[in-house]
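Commentary on secondary and tertiary structure
Take a look at the letters that make up each chain.
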Amino acid sequence: VTHFRYLSFLTDYGLEDGFVAACHGVSARIAPHADIIDVTHLIPPGDVRRGAAVLAQTVPYLPPAVHVAVVDPGVGTARRGIAVAAGDSVFVGPDNGLLSWAVTAAGGAARAFSLTNRELWLSRVSPTFHGRDIFMPVAAHLATDAELAAAGAEIEVGDLVTLPAPERMVRDFTAAGEVLTVDRFGNVQLSITGADAAQIGVKPGGTVLVRLGHRQLTLPYRDTFGAVATGELVTYADSVGLFCLAVNGGNAAQRLGLPPGARVSITAIPSIINE
Amino acid sequence: VTHFRYLSFLTDYGLEDGFVAACHGVSARIAPHADIIDVTHLIPPGDVRRGAAVLAQTVPYLPPAVHVAVVDPGVGTARRGIAVAAGDSVFVGPDNGLLSWAVTAAGGAARAFSLTNRELWLSRVSPTFHGRDIFMPVAAHLATDAELAAAGAEIEVGDLVTLPAPERMVRDFTAAGEVLTVDRFGNVQLSITGADAAQIGVKPGGTVLVRLGHRQLTLPYRDTFGAVATGELVTYADSVGLFCLAVNGGNAAQRLGLPPGARVSITAIPSIINE
Amino acid sequence: VTHFRYLSFLTDYGLEDGFVAACHGVSARIAPHADIIDVTHLIPPGDVRRGAAVLAQTVPYLPPAVHVAVVDPGVGTARRGIAVAAGDSVFVGPDNGLLSWAVTAAGGAARAFSLTNRELWLSRVSPTFHGRDIFMPVAAHLATDAELAAAGAEIEVGDLVTLPAPERMVRDFTAAGEVLTVDRFGNVQLSITGADAAQIGVKPGGTVLVRLGHRQLTLPYRDTFGAVATGELVTYADSVGLFCLAVNGGNAAQRLGLPPGARVSITAIPSIINE
């Protein structure tokens, strides 16, 4: 019985050490049939929230898989390891909220298990490298022939640690939220959705009032950054449906000084004023 | 019918987000038989010329493949997406010149198609992520069972956008050109070839006069940087046949302040002076 | 006959150029059955010692493979290329000591060959890119159908270049060594082992006196960094069994100013003083 052809793998291990490769090697020994899709290994060290956001936004485009994610500042302490069935996939990692947004995006946890079955671990377990010694070998066994229930003791899905959802509020003509992520290009992704923008009357081709702290900016709302001149600020709904601020050909996060967590609100500007 | 076992993939997406993985996932769903060779995802954002150079220098060493390349500052605007047959491969990406040098290196475009057939796209297309929603799914279909002509409307190969070739001029005892790329080691690759150097009388073991702006340097021309002492400047013909400046064990681009595009000329020094 | 399903690949090539991909392409053409596990390509340019440490610490977790490693400041000079059988694997790279610690970790060199058989090389060899033109094609042939002896002339295993072992001395209640590596998290790995610590009386749960240059610190010795408060220094035996200094949630190498090679000693503090 082979359960999954694919594993996916997200960590904060970086690429300069051999940590990721050691985990790939563990999978190759246990599940030689499985291909690994590396999501990213450049989550800032210990940034569980960033890891959760990247995982949740990427998994919908991956094939059914055992998704292994390890951003785990509490490694070796009392926090549990878990395997969670959601949608057509299984999620494996620490029970610190890292998996929670992706599990929700996959339709919610159907069943959950604590990784208590040592038979699926490597025979020697380091207290500081559970990715190599517990999470990856368990995932590789689950991908190959082990039933999910073999991972360990079943736990209530309601007992899983979940990260608080990002702040997001829609009222009348204003939507308020926070910076969820900043990507490589410096595009600033808010927790406000494109649908929120539509609901408050912000429409592609129109204009939006953006408030950041004491500043306010009147910006075009377009389909893509290329719709404005190079160097100009623009807003748009991004490829996962979230409201974004960008500079065409530039870095909006640097220009605006907007780190993850910063509060931002948007307000529709009636089209009569737009014109 | 399976057309290609391999895809290759070059972008400016970076490795800190899930963008590359989402594209890998799209390919895995459509073309589970295909292996992806990642060329690089660290092209500086929007640097089409750098992307074109890396692609053209790498593709000759890759197996026949559907080569997907996305450095696409105009994503979502009027620029076309294209699929181009050249040599034993197919190139897929935006029609902004990114593919042009690699297509030339592969023997030139045999046929070209505009990516107008939406049946090969994902069902929902974001205006800002055509790599995930158009280029990769089209490439995966072409690798699997779709004929190239299924990609869309055929276009004249002469209508494809091509990047201007790098400056390069050879006359008498001098060859002039520009910095084409700087690699991780700080080695400075010129648009002048090793064959140009030979033609003007610069021979391995000899000496060459290098002019950069107002400076001129008399440098050894050798087979490899290890032929000079650590910390010394040296010139050589690199692994793709282009004339390079390097510092053995150091970074020539930093030492000389030479960015891509800087003008450089080389002149042979008669061997009687060499000795 | 297929000898190895896996290759592993470690270099200092970086990820911004197409160098790694060109090597992957060479392997795909010669050994299409083989999967490549990338160990890392971010070894600092020319840092043979760092490459040796990462390789030696990662290989024990990889499946049997042809391990290709290229950190090769002497490329194109007189240094040999070698293929070494050790344990259940083969190691291919320059004979500059890079492979030596991993070979030792794999049980020591059983046989060794100089890569003199040009039939396993690419037909054109650049003096500056032996990874692409010699090491990878030889490795791919060895993974596929070539016997190890086909690589070239057999050489005495005692003639292989080996890196000096890191400094390490244990006496009475003190163990002295050097910083072997610093990882992405800033954790400082010493050449002193957890077994050395146990031997001098340092026990998990206890306290250790750490001397760095003129400074001395009294630090807890625990199983994992999460055992101390965020921001606190801690020592522990890491996932490969070496004594480490870390800051929980922080960067110990930066905090302490400890680069690779720095001298450090540890001394047990009698438990009566601990309490």
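Thresholds applied
- Residues numbered from 1 in each chain as written.
- Chains lettered and ligands numbered in written order.
- Predicted model: local features only at pLDDT ≥ 70, side-chain atom pairs only at ≥ 80, totals over all residues.
- Heavy atoms only, no water.
- Helix = DSSP H or I, 4+ residues; strand = E, 2+ residues; numbered from the N terminus.
- Buried < 20%, exposed > 50% of the residue type's maximum accessible area, 1.4 Å probe, protein only.
- Contact = heavy atoms within 4.5 Å.
- Lys, Arg positive; Asp, Glu negative; His and termini not counted.
- Charge placed at Lys NZ, Arg CZ, Asp CG, Glu CD.
- Pairing = 2+ DSSP bridges.
- Axes fitted to C-alpha atoms, helices over the stretch in contact; angles between N-to-C directions.
- 1 Å grid on protein atoms, 1.4 Å probe; cavity = no way out; pocket = protein on both sides within 12 Å on 5 of 7 lines; lining within 4 Å.
- Points joined across faces, edges and corners; volume = space filled by probe spheres on them.
- Nonpolar A, V, L, I, M, F, W, Y, C, P; charged D, E, K, R; others polar.
- Salt bridge = Lys/Arg side-chain N within 4 Å of Asp/Glu carboxyl O.
- Buried area = accessible area lost by both parts, 1.4 Å probe.
- Polar contact = N/O pair within 3.5 Å; in protein donor to acceptor, adjacent residues only side chain to side chain.
- Least-squares fit on C-alpha atoms with pLDDT ≥ 70 in both.
- Phe/Tyr/Trp six-rings, centres within 6.5 Å; stacked < 30°, edge-to-face > 60°.
- Expected span 1.5 Å × (residues − 1).
- Left-handed = near helix turned anticlockwise from the far one by under 90°.

1. Re the overall build of chain A
- When you go through chain A residue by residue, the secondary structure sums to seven helices and 15 strands.
- On the principal axes, the C-alpha backbone points of chain A span a range of 70 × 40 × 35 Å.
- Sorting the 275 residues of chain A into buried and exposed places 58% on the buried side.
- For chain A, the share of sequence-separated contacts (at least 6 apart) that also reach a separation of at least 24 residues comes to 66%.
- Considering chain A, the positive charge centre built from 19 side chains and the negative charge centre built from 25 side chains are found 5 Å apart.

2. Examining the sheet that holds strand β7 (residues 154-155) of chain C
Residues and elements named next belong to chain C.
- What the seven strands build is an open sheet, ordered β2-β1-β3-β5-β4-β6-β7; its pairing is mixed. Two strands bound the open sheet, and with one partner strand each, they are β2 (35-40) and β7.
- Sheet analysis places strand β3 (residues 65-70) next to strand β5 (residues 89-94), joined by three bridges and oriented parallel. By the bridge assignment, Val-68 is partnered in β5 with Val-92.
- Each of β1 (6-11) and β2 touches helix α1 (residues 19-30); the most contacted strand, β1, lies at about 160° to it.
- Sheet strands touched by helix α4 (residues 130-144): β1, β3, β4 (81-86) and β5. Its angle to β3, the strand with the most contacts, is close to 170°.

3. Looking at the layout of surface pockets
- Its volume calculated, the largest pocket comes out at about 1000 Å³.
- The wall of the largest pocket is formed by 34 residues, among which Asp-238, Ser-239, Val-240, Gly-241 and Leu-242 of chain B lie closest to the centre.
- Breaking the lining of the largest pocket down by element, the ones donating at least two residues are α2 (48-58), α3 (100-105), β10 (188-193) and α5 (194-199) of chain B together with α4 of chain C.
- For the lining of the largest pocket, a count of residues per class yields 18 nonpolar, nine polar and seven charged.

4. A short note on the pattern of salt bridges
- By the definition in use, this model includes 27 salt bridges over all chains.
- With a closest N to O distance of 3.1 Å, Arg-263 of chain B and Glu-167 of chain B form a salt bridge. Linking Arg-263 of chain B in strand β15 (residues 263-268) with Glu-167 of chain B in the loop between β7 (154-155) and β8 (168-171), this pair joins segments that are 96 residues apart in sequence.
- Accessibility expressed as a relative area gives 52% for Arg-263 of chain B, which makes it exposed.
- Asp-72 of chain C is paired through a salt bridge with Arg-79 of chain C; the nearest N and O atoms lie 2.7 Å apart.
- Assessed through its relative accessible area of 17%, Arg-79 of chain C is described here as buried.

5. Concerning the interface of chain B and chain C
- Contacts between the two partners involve 29 residues from chain B, matched on the other side by 32 residues from chain C.
- Of the roughly 2300 Å² buried between chain B and chain C on both sides combined, carbon and sulfur atoms contribute 57%.
- Among the residues chain B hides against chain C, the three largest losses belong to Tyr-61, Arg-184 and Phe-185 of chain B. Together they make up 32% of the total.
- Scanning the region where chain B abuts chain C turns up one salt bridge.
- The salt bridge involving Arg-50 of chain B is made with Asp-17 of chain C; its shortest N-O contact spans 2.7 Å.
- One can count twelve residue pairs in polar contact (both at pLDDT 80 or more) joining chain B with chain C.
- Where the side of chain B that touches chain C is concerned, the elements lending two or more residues are β2 (35-40) and α2 of chain B.

6. Regarding the relation of the copies chain B and chain C
- Of the transformation placing chain B onto chain C, the axial shift is 0.0 Å and the rotation is 120°, giving an RMSD of 0.0 Å. What the superposition gives is, in effect, a three-fold axis relating one chain to the other.
- In this assembly the copies use different faces: only 7% of the residues contributing to the interface of chain B also contribute to that of chain C.

7. A short note on unusual backbone geometry
Residue and element names in this part refer to chain B.
- Positive phi, normally seen in glycine, also occurs at Asp-172, with a value near 50°.
- Note on placement: Asp-172 falls in the loop between β8 and β9 (174-182).
- Judged by relative accessible area, Asp-172 falls into the exposed class, the value being 64%.

8. Brief notes about the side chain of His-130 of chain C
All names here are of chain C.
- Counting through the fold element by element, His-130 comes out in helix α4.
- For His-130, a relative accessible area of 11% corresponds to the buried category.
- When neighbours within four sequence positions are excluded, His-130 is seen to be in contact with Val-75, Gly-76, Arg-79, Val-125, Phe-135 and Met-136.

9. Quick word on the sheet that holds β7 of chain B
All names here are of chain B.
- An order of β2-β1-β3-β5-β4-β6-β7 is seen for the seven strands of this open sheet, with the pairing classed as mixed. The open sheet has two free edges, formed respectively by β2 and β7, since each of these has just one partner strand.
- The sheet strands contacting helix α4 (residues 130-144) are β1 (6-11), β2, β3 (65-70), β4 (81-86) and β5 (89-94), and the helix crosses β3 at an angle near 170°.

10. Things to note about the interface of chain A and chain B
- Facing 29 residues of chain A, the contacting portion of chain B comprises 32 residues.
- For the pair chain A and chain B, the summed buried surface comes to about 2300 Å²; carbon and sulfur atoms form 57% of the total.
- Seen at the junction of chain A and chain B, the total is one salt bridge.
- Applying the counting rule to chain A against chain B returns twelve residue pairs in polar contact (both at pLDDT 80 or more).

11. Section: the pairing of strand β12 (residues 215-220) of chain C
Residues and elements named next belong to chain C.
- Note that strand β11 (residues 207-212) and β12 share six bridges and pair antiparallel. From the neighbouring strand, Val-208 faces β12, where its bridge partner is Leu-219.
- The antiparallel pairing of β11 with β12 creates a hairpin that spans two residues between the two strands, and Gly-213 there sits at a positive phi of about 55°.

12. Concerning the environment of Ala-112 of chain C
All names here are of chain C.
- Its place among the elements puts Ala-112 in strand β6 (residues 111-114).
- Relative accessible area serves as the criterion here: at 0%, Ala-112 is assigned to the buried category.
- Through-space distance from the C-alpha of Ala-112 to that of Val-264 is 36 Å; in sequence the pair is 152 residues apart.

13. Re the packing of aromatic side chains
- Counted under the stated rule, the structure contains 18 aromatic pairs over all chains.
- Between Tyr-13 of chain B and Phe-129 of chain B, the aromatic rings sit 5.5 Å apart at their centres with planes inclined by 90°, giving edge-to-face as the arrangement. In this pair, Tyr-13 of chain B sits in the loop between β1 and α1 (19-30) while Phe-129 of chain B sits in the loop between β6 (111-114) and α4, placing the two residues 116 residues apart along the sequence.
- Measuring from centroid to centroid gives 5.6 Å for Phe-225 of chain C and Tyr-236 of chain C, while their planes differ by 80°, and the two rings are edge-to-face. Of the two residues, Phe-225 of chain C sits in the loop between β12 and β13 (233-237) while Tyr-236 of chain C sits in strand β13, which places them eleven residues apart along the sequence.
- Residue classification places Phe-225 of chain C among the buried residues on the basis of a relative accessible area of 14%.

14. Observations concerning α1 of chain B
- With twelve residues, α1 of chain B should cover 16 Å at 1.5 Å per step; its first-to-last C-alpha distance of 17 Å lies within 8% of that length.
- Here α1 of chain B lies mainly inside the structure; ten of its twelve residues are buried.
- Along α1 of chain B, the residues classified as buried are Phe-19, Val-20, Ala-21, Ala-22, Cys-23, His-24, Gly-25, Val-26, Ser-27 and Ala-28 of chain B.
- Of the surrounding secondary structure, the elements contacted by the buried residues of α1 of chain B are β1 (6-11), β2 (35-40) and α2 (48-58) of chain A together with β1, β2 and α4 of chain B.

15. Some words on the packing of α1 of chain B against α4 of chain B
Residue and element names in this part refer to chain B.
- Relative to each other, α1 and α4 sit at 35°, their axes nearing to 9 Å. Considering how the two elements wind past one another, α1 and α4 form a crossing that is right-handed. For the pair α1 and α4, the contacting residues are Ala-22, Cys-23, Val-26, Ser-27 and Ile-30 in the first and Gly-131, Arg-132, Met-136, Pro-137, Ala-140, His-141 and Thr-144 in the second.
- In terms of residue class, the contact of α1 with α4 is built from seven nonpolar, four polar and one charged.

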